[in-house]
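# Observations on chain architecture
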Amino acid sequence: MFIGHFGIGLGAKKAAPYLSLGTLFLAAQFLDLLWPTFILLGWEHVEIEPGITDMAPLNFTDYPISHSLLMAIVWGALLGGIYYLVKRQWTGAWILGLCVVSHWILDLLVHIPDLPLYPGSSIDAGFGLWNHKVIAIILEGSIFVIGLALYVRATQAKNKVGSYGFWALILFLVFIHVSNLLGPPPPGVKAIAWAGELQWLFVIWAYWVDKNRVAKEKEASPSPA
Ligand SMILES: [Zn+2]
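One structure accompanies this document, and this report is about it. (Residues numbered from 1 in each chain as written. Predicted model: local features only at pLDDT ≥ 70, side-chain atom pairs only at ≥ 80, totals over all residues. Heavy atoms only, no water.)

Scanning all chains against the criterion turns up one salt bridge. Where Asp210 meets Lys13, a salt bridge forms, and the shortest distance between an N and an O atom there is 2.9 Å. With Asp210 in helix 10 (residues 200-211) and Lys13 in helix 1 (residues 3-15), this residue pair connects regions lying 197 residues apart in the sequence. Exposure remark for Asp210: the relative accessible area of 8% places this residue in the buried category. For Lys13, a relative accessible area of 4% corresponds to the buried category. (Salt bridge = Lys/Arg side-chain N within 4 Å of Asp/Glu carboxyl O. Helix = DSSP H or I, 4+ residues; strand = E, 2+ residues; numbered from the N terminus. Buried < 20%, exposed > 50% of the residue type's maximum accessible area, 1.4 Å probe, protein only.)

Have a look at this one:
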């Protein structure tokens, strides 16, 4: 899953307008931001296997540090904990932690059983919607569109960066998503990992555009005549 995770980050802005979209993207996509580095370090492994699912030509042979349920909760607690230490704000900390764990839940829906419950677990989970292409595409697309609608309703642009910069980010995410769907299998594991590292760009881009948008004021109640 790719664009659906960003949909969660966008939608969470409605619940916590004080959190930057960059921080929300970091949380919602945290497991997939760690994963390429762990692949490059040789701590986790993936194989290219066209046809293993209808949608993704990847066999996630082992990725317990980034993608086990237990570690997703640990990463969520870590990110939420750091936020709490810096900002002393529980709600924001919880929302960030939940965004991190949401990544595992969304992956659970689409992956075939390859998501371990904890490092060393012999039970791998996954409901396999990637073998039901239409359902998977509609599900992921809907999460993104709903998240986008929530974000757009919760914020407004202060300037051109906040409007054009934001919509360019959204279009770029959609472009990458469609290229993943229609493009050929990746040429090699290193290429997947380095492409994965480029996702940090979306986090930085999101910080930048979010700074140039502002949370919408609630409708002012009419002042008594
Ligand atoms: Zn993932």
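After presenting the structure, the write-up continues.
Let us look at unusual backbone geometry. A negative phi holds for most residues other than glycine; trans holds for most peptide bonds. Even without being a glycine, Arg88 presents a positive backbone phi close to 55°. By the element assignment, Arg88 lies in the loop between helix 5 (69-87) and helix 6 (90-110).

The end-to-end C-alpha separation of helix 10 is 17 Å, in line with the 16 Å expected for twelve residues at 1.5 Å each. By the burial criterion, the buried members of helix 10 are Phe202, Val203, Trp205, Ala206, Val209 and Asp210. One side of helix 10 holds all its buried residues, which, seen down the axis, span an arc of 165°. Those residues of helix 10 that are exposed and angled more than 90 degrees off the buried face are Ile204 and Lys211. Packed against the buried residues of helix 10 are helix 1, helix 2 (21-28), helix 3 (30-41), helix 7 (133-154), helix 8 (160-182) and strand 6 (213-215). (Expected span 1.5 Å × (residues − 1). Arc of directions from axis to C-beta. Contact = heavy atoms within 4.5 Å.)

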